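# Summary of structural features
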Amino acid sequence: MKENFEKSLEMLLHHEGGFVNHPKDPGGATNLGVTKAVYEKWIGREVSIEEMKDLTHEDVAPIYKKNYWDKLKGDDLPGGLDFAAFDWGVNSGTGRPAKIMQKYIGATQDGAIGPKSLTLIAENDPGNIIQYLYEQRQKFYERLDTFETFGKGWTRRNQETLKAALEMSNET
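Described in the following lines is the structure provided in the data block. (Residues numbered from 1 in each chain as written. Predicted model: local features only at pLDDT ≥ 70, side-chain atom pairs only at ≥ 80, totals over all residues. Heavy atoms only, no water.)

### Here's the deal with the packing of aromatic side chains
- Counting across every chain of the model gives 10 aromatic pairs.
- When the ring of Tyr 141 is compared with that of Trp 154, the centres are 5.0 Å apart and the planes differ by 15°; the resulting orientation is stacked. In this pair, Tyr 141 sits in helix H8 (residues 126-143) while Trp 154 sits in helix H9 (residues 147-171), placing the two residues 13 residues apart along the sequence. Per residue, the accessibility class of Tyr 141 equals that of Trp 154, and both read buried. (Phe/Tyr/Trp six-rings, centres within 6.5 Å; stacked < 30°, edge-to-face > 60°. Helix = DSSP H or I, 4+ residues; strand = E, 2+ residues; numbered from the N terminus. Buried < 20%, exposed > 50% of the residue type's maximum accessible area, 1.4 Å probe, protein only.)

Structure representation (structure tokens):
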């Protein structure tokens, strides 16, 4: 839902936290969930670690809107499902939650949410799709080589996303 972007972004930024540069994280230097490589591509130049540390909500919001929310058609998804897909898309790429939603609704799993997918999504209970996303996301995490290092945090994030998404779906 269009009106859910800001609320979803706030919840997402809570999950993403501040600046980190963990040696086992393949994303490298990251702040507010935006990697150095993504930010450099966005602004068209290299940035220093200090610039990464200084990123603000205003710096990253347009990146999240264009590269994740819009790609997942967040404005057109039911409340709650928009946040569940968005949060996973930021964490693991937009194609993954898109394909999982498409699998659930019986659409072609091409990773691009279009009119046919949106029609089929509208014919389903958003709470059931949210639950399915949660289950598939957890299975995905548990298969990753870095689950031992990051799994506790990913699992907590997935559980918090499920709870918030279901609450949002009940509000609409």
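### As for the nonpolar core
- Core analysis: the biggest nonpolar cluster contains 27 residues, and Leu 77, Leu 81, Met 101, Ile 121 and Leu 133 have the highest contact counts within it.
- For this core, the secondary structure elements donating two or more residues are helix H5 (81-92), helix H6 (95-105), helix H7 (115-122), H8 and H9.
- With seven residues, H8 is the single largest residue contributor to this core.
- With near-sequence residues (within four places) excluded, Leu 81 lies in contact with Met 101, Ile 121, Ile 129, Ile 130 and Leu 133.
- In terms of nonpolar packing, the next biggest core, distinct from the first, is built from 18 residues, Leu 12, Met 52, Leu 55 and Trp 69 among them. (Core = buried A, V, L, I, M, F, W, Y, C linked by side-chain atoms within 4.5 Å. Contact = heavy atoms within 4.5 Å.)

### Considering the packing of helix H4 (residues 57-69) against H5
- Closest axis-to-axis distance for the H4/H5 pair is 10 Å, and the angle between their directions is 100°. As judged from the angle between their axes, H4 and H5 are roughly perpendicular. On H5, the residues touching Tyr 64, Tyr 68 and Trp 69 of H4 are Asp 82, Phe 86, Gly 89 and Val 90.
- Class assignment of the residues belonging to the contact of H4 with H5 gives a composition of five nonpolar, one polar and one charged. (Axes fitted to C-alpha atoms, helices over the stretch in contact; angles between N-to-C directions. Parallel < 35°, antiparallel > 145°, perpendicular 65-115°, else oblique. Nonpolar A, V, L, I, M, F, W, Y, C, P; charged D, E, K, R; others polar.)

### What about the side chain of Ser 117?
- As for its position among the elements, Ser 117 is in helix H7.
- Look at Ser 117 and you get buried, because its relative accessible area is 6%.
- Here Ser 117 is in contact with Gln 102, Ile 105, Ala 107 and Ala 112, once residues within four sequence places are set aside.

### A few points about the pattern of salt bridges
- Applying the stated criterion to the full structure yields 10 salt bridges.
- A salt bridge links Arg 137 to Asp 87; the nearest nitrogen and oxygen atoms lie 2.7 Å apart. Pair noted here: Arg 137 is in helix H8 and Asp 87 is in helix H5, with a separation of 50 residues, a long-range link. There is no split in this pair, since Arg 137 and Asp 87 are both buried.
- Salt bridges sharing partners connect three or more residues here, namely Glu 16, Asp 87, Arg 137 and Arg 157. (Salt bridge = Lys/Arg side-chain N within 4 Å of Asp/Glu carboxyl O.)

### Some remarks on unusual backbone geometry
- One non-glycine residue, Leu 32, adopts positive backbone phi at about 55°.
- Summarising the element assignment, Leu 32 is placed in the loop between strand E1 (30-31) and strand E2 (34-35).
- Despite not being glycine, Lys 73 shows a phi value in the positive range, around 60°.
- By secondary structure assignment, the location of Lys 73 is in the loop between H4 and H5.
- With relative accessibility at 31%, the residue Lys 73 sits in the partly exposed group.

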